[in-house]
Amino acid sequence: MTSSTNTQSIPPLRSQRDLCWKLRDEYFECLDNINNSNNDDKLFVDPVSVQNDENMQKLVKKFNCWKKKEEYEKSCITSWVEYFNKRRQLEIKQREMLNK
């Protein structure tokens, strides 16, 4: 359910929201698995960097997270995806700061 398919501002149904959150959590968990496996490299894969960095995209595909990413983006409103991704990126940066 992307915003481009919806010309009117109709809020998503509860079932659509639940699906969006479920798929978001699955995708973010997959990214966590990448981060945990690369602990020695201090590499943090966040959804914003996946959008913009070819190397990150390859890594996400290698760990079979790409399909989860596509499902998440397809099932959530575009503005929600942007919000969730930026929030996730901020959380990762905060974690990095606390661990220094």
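Cut-offs and rules
- Residues numbered from 1 in each chain as written.
- Predicted model: local features only at pLDDT ≥ 70, side-chain atom pairs only at ≥ 80, totals over all residues.
- Heavy atoms only, no water.
- Axes fitted to C-alpha atoms, helices over the stretch in contact; angles between N-to-C directions.
- Helix = DSSP H or I, 4+ residues; strand = E, 2+ residues; numbered from the N terminus.
- Parallel < 35°, antiparallel > 145°, perpendicular 65-115°, else oblique.
- Left-handed = near helix turned anticlockwise from the far one by under 90°.
- Contact = heavy atoms within 4.5 Å.
- Buried < 20%, exposed > 50% of the residue type's maximum accessible area, 1.4 Å probe, protein only.
- Lys, Arg positive; Asp, Glu negative; His and termini not counted.
- Salt bridge = Lys/Arg side-chain N within 4 Å of Asp/Glu carboxyl O.
- Polar contact = N/O pair within 3.5 Å; in protein donor to acceptor, adjacent residues only side chain to side chain.
- Phe/Tyr/Trp six-rings, centres within 6.5 Å; stacked < 30°, edge-to-face > 60°.
- Lys NZ or Arg CZ within 6 Å of the ring centre and 35° of its normal.
- pLDDT = per-residue confidence, 0-100.

Caption draft 1: Up close: the packing of helix α1 (residues 14–37) against helix α4 (residues 66–75). Contact pair α1 / α4: the axes reach a minimum separation of 9 Å and the direction vectors enclose 155 degrees. Between α1 and α4, the angle is such that the two are roughly antiparallel. Crossing hand, α1 versus α4: left-handed. Along the contact surface, α1 presents Q16, L19, C20, L23, R24, E26, Y27, F28 and C30, while α4 presents K68, K69, E71, Y72 and S75.

Caption draft 2: Spatial organisation of the side chain of D46. By the element assignment, D46 lies in the loop between α1 and α2 (47–52). One buried charged side chain, D46, makes no salt bridge at all; its nearest oppositely charged neighbour is K93, positioned 6.8 Å away. Here the side chain of D46 touches V48 through a polar contact of 2.9 Å, landing on its backbone nitrogen. Each residue touching D46, except ones within four places of it in the same chain, is listed here: L31, Q89 and I92.

Caption draft 3: Local environment of the packing of aromatic side chains. Using the criterion set out here, one finds six aromatic pairs in the structure. With centroids separated by 5.8 Å and ring planes inclined at 45 degrees, the aromatic side chains of Y27 and F28 adopt a geometry described as tilted. We classify F28 as buried; its relative accessible area is 9%. With centroids separated by 6.2 Å and ring planes inclined at 70 degrees, the aromatic side chains of W80 and F84 adopt a geometry described as edge-to-face. Placement of the pair is W80 and F84 together in helix α5 (residues 78–99), with a separation of four residues, close to one helical turn. Among the aromatic residues, those joined into a cluster by ring pairs are W21, W80, Y83 and F84. The ring of F84 carries the charged tip of R24 above its face, separated from the ring centre by 4.5 Å. Taking NZ or CZ as reference, K61 lies 4.7 Å from the ring centre of W66, over its face.

Caption draft 4: Layout of the confidence of the model for the protein. In the predicted model, the protein carries a mean pLDDT of 86, and the fraction of residues at 70 or more is 86%. When pLDDT is averaged over each element of the protein, α4 comes out on top at 96 and α2 at the bottom at 87. Residue range residues 2–7 is modelled with pLDDT below 50. Its contacts to residues more than four positions away, or to other chains, number seven contacts.

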